[in-house]
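Descriptive analysis of the structure
Residue strings, one per chain:
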Amino acid sequence: MPEKLKACAFLPAATSMIYQMGLEDSLYGVTFECHSDKPKVVRSFIEGNNYTSLEIDKIVSESKQMGKSLYYIDEELLQEIAPDVIFTQDVCDVCQIGTSYAERAIFKLKKQPLVIPLTPRSLNDVYDNAITIAKALGKEEAAYNVLASLKKRTGSILDTLRKNNAPLKRVMVMEWIEPIYNCGHWIPYQVSQAGGVDMLSNPGGYSIVTPWDRVRQYNPEVLVIAPCGFDIHRAGKEIDKLEKQEGWNELAAVKNNSVFLADADLFTCPSLHLVDGIELLAHLFHPALFAPQEQFRDRCKQLYTGKNCSKCGKGFTCSSANCWCSEMPQVMPMNPEQGCLCPDCLKEAIDKKLAKADL
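In short, a report on the structure. (Residues numbered from 1 in each chain as written. Predicted model: local features only at pLDDT ≥ 70, side-chain atom pairs only at ≥ 80, totals over all residues. Heavy atoms only, no water.)

1. Section: the sheet that holds strand 12 (residues 259-262)
- Ordered in space as 9-7-11-12-13, the five strands form an open sheet in which the pairing is mixed. Unpaired on one side and paired on the other, strand 9 (196-197) and strand 13 (300-302) mark the two borders of the sheet.
- Note that strand 12 and strand 13 share three bridges and pair antiparallel. Each bridged residue has a counterpart across the sheet, and for Leu261 the counterpart in strand 13 is Lys301.
- The sheet contacts of helix 12 (residues 274-285) involve strand 7 (169-174), strand 9, strand 11 (222-225), strand 12 and strand 13, and relative to strand 11 the element is tilted by about 145°. (Pairing = 2+ DSSP bridges. Helix = DSSP H or I, 4+ residues; strand = E, 2+ residues; numbered from the N terminus. Contact = heavy atoms within 4.5 Å. Axes fitted to C-alpha atoms, helices over the stretch in contact; angles between N-to-C directions.)

2. Comments concerning helix 5 (residues 123-136)
- Helix length check: helix 5, at 14 residues, gives a terminal C-alpha distance of 20 Å against a target of 20 Å (1.5 Å per residue), a fit within 8%.
- Elements that come into contact with the buried residues of helix 5 comprise helix 1 (12-20), strand 5 (85-89), strand 6 (114-118), helix 6 (140-163), helix 7 (187-193) and helix 12. (Expected span 1.5 Å × (residues − 1).)

3. Points about the sheet that holds strand 4 (residues 71-73)
- In space, the six strands of this open sheet follow the order 4-3-2-1-5-6, with mixed pairing throughout. Each edge of the open sheet is held by one strand with a lone partner, namely strand 4 and strand 6. When strand polarity is set aside, the average angle formed by the axes of neighbouring strands in this sheet is 20°.
- Here two bridges tie strand 1 (residues 7-9) to strand 2 (residues 27-31), and the two strands are oriented parallel to one another. The residue of strand 2 that forms the bridge with Cys8 is Gly29.
- The sheet strands contacting helix 1 are strand 1, strand 2, strand 5 and strand 6, and the helix crosses strand 2 at an angle near 145°.

4. Section: the nonpolar core
- Ranked by internal contacts, the top residues of the largest apolar core, which has 59 residues, are Met21, Phe87, Ile133, Phe267 and Leu272.
- With 41 residues, the next largest nonpolar core counts Ile56, Tyr71, Leu200 and Ala235 among its residues. (Core = buried A, V, L, I, M, F, W, Y, C linked by side-chain atoms within 4.5 Å. Buried < 20%, exposed > 50% of the residue type's maximum accessible area, 1.4 Å probe, protein only.)

5. Re the side chain of Ser122
- Relative to the elements of secondary structure, Ser122 occurs in the loop between strand 6 and helix 5.
- Sequence-distant contacts of Ser122, defined by excluding residues within four places in its chain, comprise Trp186 and Tyr189.

6. Focus on the environment of Cys300
- Its location among the elements puts Cys300 in strand 13.
- Residues Cys300 and Leu266 lie 34 residues apart in sequence; the distance between their C-alpha atoms is 9.9 Å.
- Apart from the residues lying within four places of it in its own chain, the contact partners of Cys300 are Ile232, Phe260, Leu261, Ala262, Leu280 and Leu284.

7. Examining the pairing of strand 11
- Here strand 11 shows two buried faces, one formed by Val222 and Val224 and the other by Leu223 and Ile225.
- Across four bridges, the pairing between strand 7 and strand 11 is parallel. In the sheet register, Val171 faces strand 11, and the bridge partner there is Val222.
- Relative to strand 12, strand 11 runs parallel, the two sharing three bridges. Its bridge partner lying in strand 12, Ile225 is registered against Leu261.

8. So, the packing of aromatic side chains
- Taken as a whole and judged by the stated rule, the model has two aromatic pairs.
- Aromatic side chains Trp176 and Phe230 sit 5.1 Å apart centroid to centroid with 50° between the ring planes, which places their arrangement in the tilted category. Of this pair, Trp176 sits in the loop between strand 7 and strand 8 (184-185) while Phe230 sits in the loop between strand 11 and helix 9 (232-236), and the two are 54 residues apart along the sequence.
- Classification of Phe230 as buried rests on a relative accessible area of 7%.
- The ring centre of Tyr28 lies 5.7 Å from the NZ or CZ of Lys6, which sits over that ring. (Phe/Tyr/Trp six-rings, centres within 6.5 Å; stacked < 30°, edge-to-face > 60°. Lys NZ or Arg CZ within 6 Å of the ring centre and 35° of its normal.)

9. Describing unusual backbone geometry
- The linkage connecting Glu178 with the following residue, Pro179, adopts the cis geometry, with an omega of 0°.
- With respect to the secondary-structure elements, Pro179 resides in the loop between strand 7 and strand 8.
- Of note in the backbone geometry, Asn257 takes a positive phi value of approximately 55° without being a glycine.
- With respect to the helices and strands, the residue Asn257 is situated in the loop between helix 11 (252-255) and strand 12.

The quantities given are spatial measurements derived from coordinates; they are silent on function.
Okay, structure coming up:
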């Protein structure tokens, strides 16, 4: 029996696909961002920091101007692993270490591994990458088995959309908050397979800075905010940057309570979990046709929710990020059984409690 190949994944997408295909026994090194207990070979100079999106954008721009990478390789660890295969990427030097930077450390290895760059531009490219990875590890059939299952899931969504003559939803998937970036590469293909169209996107190409005026004019019916590298909690901390934009409250998505925060790795990470992202989008675009899934409970959050006051019955809107009630005196513990109060009733209740406390 031939000796098992040792592989390193220099991008989280490759790590994710290796696990999803059940080939993790061949994985010996990953990046600091990978959800894996394997040794971390690729590190970042800014990992562990809590920069704002604007600060990150500035750091990235400066590093590009200086020709420096934000990532580096633990060369001693790489030498110790002595991999046979290394999967790199040539899509975005901002998101992950690029092949050109990785090759400098790889060149120093005593045993030169096979370097396989992955350069997906579309959804089909991502599927092809899974086959490339499995084939390099001598397990090509594993890719075909997983892909067959994924194609059934996406096929079911398309069948349901066609059967119900579902109209295309006018959508925007936002990849960055400050400055605002549209979505690119494979994400527009995810949107289309979920029953939407993103006319601000760049299919097969890079996401770019998109002026707020263009967003206002486009007026999306559904807005999905998934800043690259952020989860819903991290993105929620900066939602006020958008809420302060002129005309925010006039967007169709805001009026319809169809603004959502979503974990970015469902969209920006070119792994096979992009199919999970398609299923989530299908529910967000067409909730009457696709039921919510439990797996997305902590990975997607509706920003605004319409409610009725438990006292006067008046309708009002709650925000899951920076709700109006957070600016009021925190003296009224919420009663889950009673439900929320509207701004007027909550202010009245707070005033009464404060007045009673002064007696």
